[in-house]
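Residues per chain are reported as follows:
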Amino acid sequence: MICQNDNHLTQLVNKAKTLTKNGKVADYIPALAEANKADLSIAIYSVEGACLKAGEVQTTFTLQSISKVLSLALVLMDHGQEYVFNRVGMEPTGDPFNSIAKLETIKPSKPLNPMINAGALAVTNMIKGKTKDEKIERLLAFIQTLTNNSSVSVCERVARSEFNHAWLNRSMCYFLKEHGIIEGDVEALMEVYTKQCAIEMNCYDLAKIGAVLALNGVHPDTKEQVIPERIARLCKTFMVTCGMYNASGEFAIKVGIPAKSGVAGGILAIVPNKYGIGVYGPALDERGNSIAGCKLLEMISEEHSLSIF
Ligand code: GLN
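Nothing here was measured: the structure is a model prediction, and the numbers come from that model.

S.K.: Before we go on, may I ask you to explain the packing of aromatic side chains in this structure?
M.R.: The way to describe two aromatic rings as a pair is by their centre distance and the angle between their planes. Enumeration over the complete set of coordinates arrives at 5 aromatic pairs. Their ring planes at 5° and their centres at 4.6 Å tell us that Phe61 and Tyr280 sit as a pair that is stacked. Of this pair, Phe61 sits in strand S4 (residues 61-62) while Tyr280 sits in strand S9 (residues 275-280); the two residues are 219 residues apart in sequence, bridging distant segments of the chain. A centroid spacing of 5.1 Å and a plane angle of 40° characterise the contact between Phe97 and Tyr245, whose relative ring orientation is tilted. With Phe97 in the loop between helix H3 (81-85) and helix H4 (101-105) and Tyr245 in the loop between helix H11 (229-242) and helix H12 (248-254), the pair connects residues that are 148 residues apart, well separated along the chain. The structure contains a cluster of three or more aromatic residues connected by ring pairs, namely Tyr28, Phe97 and Tyr245. For the cation-ring pair, Arg87 lies above Tyr83, with the distance from its terminal atom to the ring centre recorded as 3.7 Å. A cation over an aromatic ring shows up here: Arg170 above the ring of Phe163, its NZ or CZ 4.7 Å from the ring centre.

S.K.: Please clarify how the side chain of His219 should be interpreted in this entry.
M.R.: Secondary-structure assignment places His219 in the loop between helix H10 (203-214) and H11. Looking at His219, its side chain comes within polar contact range of the main-chain oxygen of Leu146, at 2.8 Å. Here Asp221 takes part through its backbone nitrogen, which lies 3.0 Å from a polar atom of the side chain of His219.

S.K.: I keep staring at the sheet that holds strand S3 (residues 51-54) and nothing clicks. Help me out?
M.R.: By way of backbone hydrogen bonds, the strands of a sheet pair with one another, either parallel or antiparallel. Pairing is mixed in the open sheet, where 6 strands are placed in the order S1-S3-S2-S9-S8-S7. Two strands lie at the open edges of the sheet, namely strand S1 (4-5) and strand S7 (259-261), each paired on one side alone. Taken together, the 6 bridges between strand S8 (residues 266-271) and S9 define a ladder with antiparallel strand orientation. Of the residues in S9, the one forming a bridge with Gly266 is Tyr280. Packing against the sheet, H10 makes contact with strand S2 (41-46), S3, S8 and S9, and its axis sits at approximately 150° to S9. In the packing of helix H13 (residues 291-304) onto the sheet, contacts are made with S2, S8 and S9, and the angle to S8 comes to roughly 20°.

S.K.: Is there a simple way to think about the site of the ligand in this case?
M.R.: Around the ligand sit Tyr28, Gln64, Ser65, Phe97, Asn117, Glu162, Asn169, Tyr193, Cys197, Tyr245, Gly262 and Val263, and that is every residue in its neighbourhood. Asn117 is positioned such that a nitrogen or oxygen atom in its side chain is 3.1 Å from an oxygen atom of the ligand. Between a nitrogen atom of the ligand and a side-chain N or O atom of Tyr245, the distance comes to 2.6 Å. Classifying every residue of the shell around the ligand by side-chain character gives 6 nonpolar, 5 polar and 1 charged.

S.K.: Help me understand unusual backbone geometry, please; the structure alone is not making it clear to me.
M.R.: The phi torsion of most residues other than glycine is negative, and most of the peptide bonds are trans. Between Lys107 and Pro108 the backbone carries a cis peptide bond, its omega angle lying at -5°. The topology assignment puts Pro108 in the loop between H4 and helix H5 (117-125). With a phi close to 65°, Lys223 is a non-glycine residue in the positive phi region. By the element assignment, Lys223 lies in the loop between H10 and H11. At Asn273, a residue that is not glycine, the phi angle is positive and equals roughly 65°.

S.K.: Would you take a moment to explain the pattern of salt bridges for this structure?
M.R.: Any two side chains of opposite charge can pair, so long as their charged atoms come close to each other. Considering all chains together, one arrives at 12 salt bridges under this definition. The partner of Arg233 in a salt bridge is Glu229, with the nearest N and O atoms 2.9 Å apart. Taken as a pair, Arg233 and Glu229 lie in helix H11 at a separation of 4 residues, close to a single helical turn. With its nearest N and O atoms 2.6 Å apart, the salt bridge here joins Glu250 to Arg287. Highlighted residues: Glu250 in helix H12 and Arg287 in the loop between S9 and H13, separated in sequence by 37 residues. What you see here is one network of salt bridges that share partners, running through Lys132, Glu191 and Lys195.

S.K.: Before we go on, may I ask you to explain the packing of helix H1 (residues 7-17) against H13 in this structure?
M.R.: Each packed pair of helices is defined by two parameters, the angle between the axes and the distance between the axes. Where H1 meets H13, the closest approach of the two axes is 9 Å, and the angle between their N-to-C directions is 135°. As summarised for this structure, H1 and H13 are arranged oblique, according to the angle between their axes. In this structure, H1 crosses over H13, and the sense of that crossing is right-handed. In contact with His8, Leu9, Leu12, Val13, Lys15 and Ala16 of H1, H13 contributes Ala292, Lys295, Leu296, Met299, Ile300 and Glu303. Taken together, the residues of the contact of H1 with H13 sort by class into 8 nonpolar, 1 polar and 3 charged.

S.K.: What exactly am I supposed to notice about the state of the cysteines here?
M.R.: Simply put, disulfide is the name for a covalent bond between the sulfur atoms of two cysteines. Tallied over the full model, the rule gives 0 disulfides. In this structure Cys197 is a free cysteine whose sulfur lies 11 Å from that of Cys173, the closest cysteine sulfur available.

Rules of the game
Throughout this document, residue positions are counted from 1 along each chain, in the order its sequence is written. Only residues with pLDDT of at least 70 are given local features in this predicted model, and only at 80 or more are side-chain atom pairs given and counted; all residues enter the totals for whole chains, interfaces and linings. Side-chain metrics in this entry use all non-hydrogen atoms of the structure; hydrogen atoms and water are not considered. Each pair of aromatic rings taken from Phe, Tyr and Trp, with Trp reduced to its six-membered ring, is defined by centres within 6.5 Å and is described as stacked if the planes are under 30 degrees apart, edge-to-face if over 60, and tilted in the remaining cases. In this description a helix means any DSSP run of H or I spanning at least four residues, a strand means any run of E spanning at least two, and both kinds are numbered starting from the N terminus. Each ring is checked for a lysine NZ or an arginine CZ that lies within 6 Å of its centre and within 35 degrees of its normal; such an atom marks a charge sitting over the ring. As used in this structure description, the phrase polar contact means that two N or O atoms lie within 3.5 Å; if the pair is within protein, one of them must be able to donate a hydrogen and the other to accept it, and residues adjacent in sequence are counted only when both atoms belong to side chains. Here, any two strands with at least 2 DSSP bridges between them count as paired. The contact criterion used is simple: two residues touch if any of their non-hydrogen atoms lie within 4.5 Å. Lines fitted to C-alpha atoms define the axes here, with helix axes fitted over just the stretch in contact, and angles between the N-to-C directions of these axes take values from 0 to 180 degrees. Nearness is judged by heavy atoms alone; a residue qualifies as near a molecule or strand once a single heavy atom is within 4 Å of it. Note that Gly is not counted as nonpolar here; it falls among the polar residues with everything else outside the nonpolar set of Ala, Val, Leu, Ile, Met, Phe, Trp, Tyr, Cys and Pro and the charged set of Asp, Glu, Lys and Arg. Definition used for salt bridges: Asp or Glu carboxyl oxygen within 4 Å of a side-chain nitrogen of Lys or Arg. In this scheme, roughly parallel covers angles under 35 degrees and roughly antiparallel covers those over 145, while 65 to 115 is roughly perpendicular and the rest are oblique. Note on convention: near helix rotated counterclockwise from far helix by under a right angle means a left-handed crossing. Clockwise means right-handed. Here, a disulfide means two cysteine sulfur atoms that sit within 2.5 Å of each other.

Structure (structure tokens):
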């Protein structure tokens, strides 16, 4: 790993860490309940290839909802905007990430955006591939390209744990199937979705994905355009409006950069044209975002005036 330890960043991590005691690790996916609540780590990858870190950057975690940005990029590359946005909307919601409520009140029924579970399930259903294995392999290969790390893989234990408990997500799938938003076998979709959410990496890998998006799809290591510019911009826009679920407004005010969180405690954040940031802190606030991770990003953003607004 080519990340340098940074003393000042370590001080900020230690300060933010005091908040972890006020959070709670996710336990509705049983395997996630085993996380160490006091963990907090960060990697900041500059588009020139330098990297700063603080905390136990080697600790791995599953992407969970962070994967929704990457599956969205892939299906936009697979099908184009018109096809995708016929099946999923572009509007933020003030509801929790796993809410089913708006599916029935919006006519015609369509998930509001790709960052909530209903929208993400519709997106995963659009990943091209003849079989469920081919779909998850294509997504994993794409993520390995973004991280430039072929050892990134699916944590089968977490995937299975979620698969065995995902009743709410299953019910959303059946609702979406009834309304023609998704097609095919719901159990197969649940397998691809839970494996997608269980893709595992550390903060350094996550920061590198952020650096690709910071450069509008150009990989900082290989200089290859691995995501078309228009799609990279679109993903970042969704991250600003919907990335932190029903805390996206507050995060935009306090931190002001595109970000996406996951219930395992990860946050992918981007400072356009400058940095990709990966954070891991499994103690969550009541809206499902890393409590200390958000504070840490707020402190860094304030100190370096990183807000894009
Ligand atoms: N796999 C999780 C779920 O579908 C992802 C949710 C999240 O990270 N907020 O519930």
